[in-house]
Amino acid sequence: MALCRALCRVRVPGSLRDLLAPVPVVPPSERIGRQMAIMASCSSQSSSSSTHARHVTGGSGFSDVLGDASPSIRITGYDSKSFVVNGNSVSGSMFCYEGKFLLWNVESLGDVNPAVLSVLQLVRPKPEVLVVGSGSRFHPISREVKEFLYEQNIGHEVSDTPTAISTFNILQQEGRRVAAALIPVD
């Protein structure tokens with residue numbers, strides 16, 4: 001909800017608002033531990049406009065919609081329709097960066113184009129690498145998407161989703177600025 005409020009305060013292309021939606025977080029009933037305390041602390045901080053939507057200098061006019069850096073994300077599981085992120089179930093495709101995860105309105109790699117990756121133009125600092133999970137099998141990204149990532153000076157790694165999850169977790173543990181765009185395994 002805070003992300004939607006932040007998107008309303010910043011100048012964002014209309015198509016981007018349709019691509020991002022608040023993530024429904026479903027905590028496991030038997031485990032409300034450290035992850036939930038971190039999530040609660042992050043959501044209470046993001047309700048303040050000063051910590052969530054900052055003005056970015058440099059002429060773009062965009063603010064960092066993901067806000068300040070927060071605890072890292074750990075993807076610990078997946079199934080055919082969802083992922084387990086920091087002990088919470090997230091249904092559907094998702095985009096992860098800097099301790100935040102968002103639903104990503106993509107059903108297959110064929111739906112991926114520069115418009116659905118335009119969130120990469122809004123985040124600061126920009127990720128060094130985008131890890132793309134293409135589902136149950138490897139499918140290459142389009143030339144148009146490769147050119148977009150090159151223009152943004154963002155490297156990319158495309159693989160099947162299970163491999164992409166492992167790559168994302170490892171790169172993040174190494175302290176790299178890594179984003180992940182993951183499509184569930186069919």
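All of these numbers come straight from a predicted model, not from anything done at the bench.

J.: Kindly report on the overall build of the protein, identifying the contributing residues and their values.
T.: In terms of regular secondary structure, the protein is built from 6 helices and 9 strands. Each of the 186 residues in the protein was classed as buried or not, and the buried ones make up 45%. Put simply, of all contacts in the protein between residues at least 6 apart along the chain, 69% involve residues at least 24 apart. Accessible area of the protein: about 9400 Å², with a carbon and sulfur share of 51%.

J.: Please give an account of helix H6 (residues 161-173) that cites residues and values.
T.: Here H6 is 13 residues long and its end C-alpha atoms lie 18 Å apart, about the 18 Å a rise of 1.5 Å per residue gives. Within H6, the full set of buried residues consists of Thr161, Ala164, Ile165, Phe168, Asn169, Leu171 and Gln172. Against the buried residues of H6 lie strand S2 (75-78), strand S3 (82-85), strand S5 (94-97), strand S7 (129-133), strand S8 (155-159) and strand S9 (178-182). Looking one or two residues past H6, Gly175 carries a phi angle of roughly 85°, positive in sign.

J.: Account for unusual backbone geometry, with residues named and values stated.
T.: The peptide bond linking Arg124 to Pro125 adopts the cis configuration, its omega dihedral lying at -10°. Structurally, Pro125 is set in the loop between strand S6 (100-104) and S7. A positive phi angle is found at Asn86, which is not glycine, with a value near 50°. The topology assignment puts Asn86 in the loop between S3 and strand S4 (88-91). A residue is classified by how much of its surface remains accessible, and Asn86, at 15% relative accessible area, is buried. A positive phi angle, close to 50°, is found at Glu98, a residue other than glycine. Residue classification places Glu98 among the partly exposed residues on the basis of a relative accessible area of 23%.

J.: Can you tell me about the sheet that holds S4, naming the residues and giving the values?
T.: Strand pairs in the sheet, formed through backbone hydrogen bonds, run parallel or antiparallel to each other. With respect to topology, 3 strands assemble into an open sheet ordered S2-S3-S4, the strand pairing being antiparallel. One side of each edge strand has no neighbouring strand; the edge strands of this open sheet are S2 and S4. Averaged over all adjacent pairs, the angle separating strand axes in this sheet is 25°, with direction ignored. Pairing of S2 with S3 involves 3 bridges; the strand directions are antiparallel. Bridge pairing in S3 links Ile75 to Val85. In this fold H6 packs onto S2 and S3, with an angle of close to 170° to the strand it touches most, S2.

Thresholds applied
- Residues numbered from 1 in each chain as written.
- Predicted model: local features only at pLDDT ≥ 70, side-chain atom pairs only at ≥ 80, totals over all residues.
- Heavy atoms only, no water.
- Helix = DSSP H or I, 4+ residues; strand = E, 2+ residues; numbered from the N terminus.
- Buried < 20%, exposed > 50% of the residue type's maximum accessible area, 1.4 Å probe, protein only.
- Contact = heavy atoms within 4.5 Å.
- Areas by Shrake-Rupley, 256 points an atom, 1.4 Å probe, with all protein chains shown as cover.
- Expected span 1.5 Å × (residues − 1).
- Pairing = 2+ DSSP bridges.
- Axes fitted to C-alpha atoms, helices over the stretch in contact; angles between N-to-C directions.

Nothing here speaks to function; it is geometry throughout.
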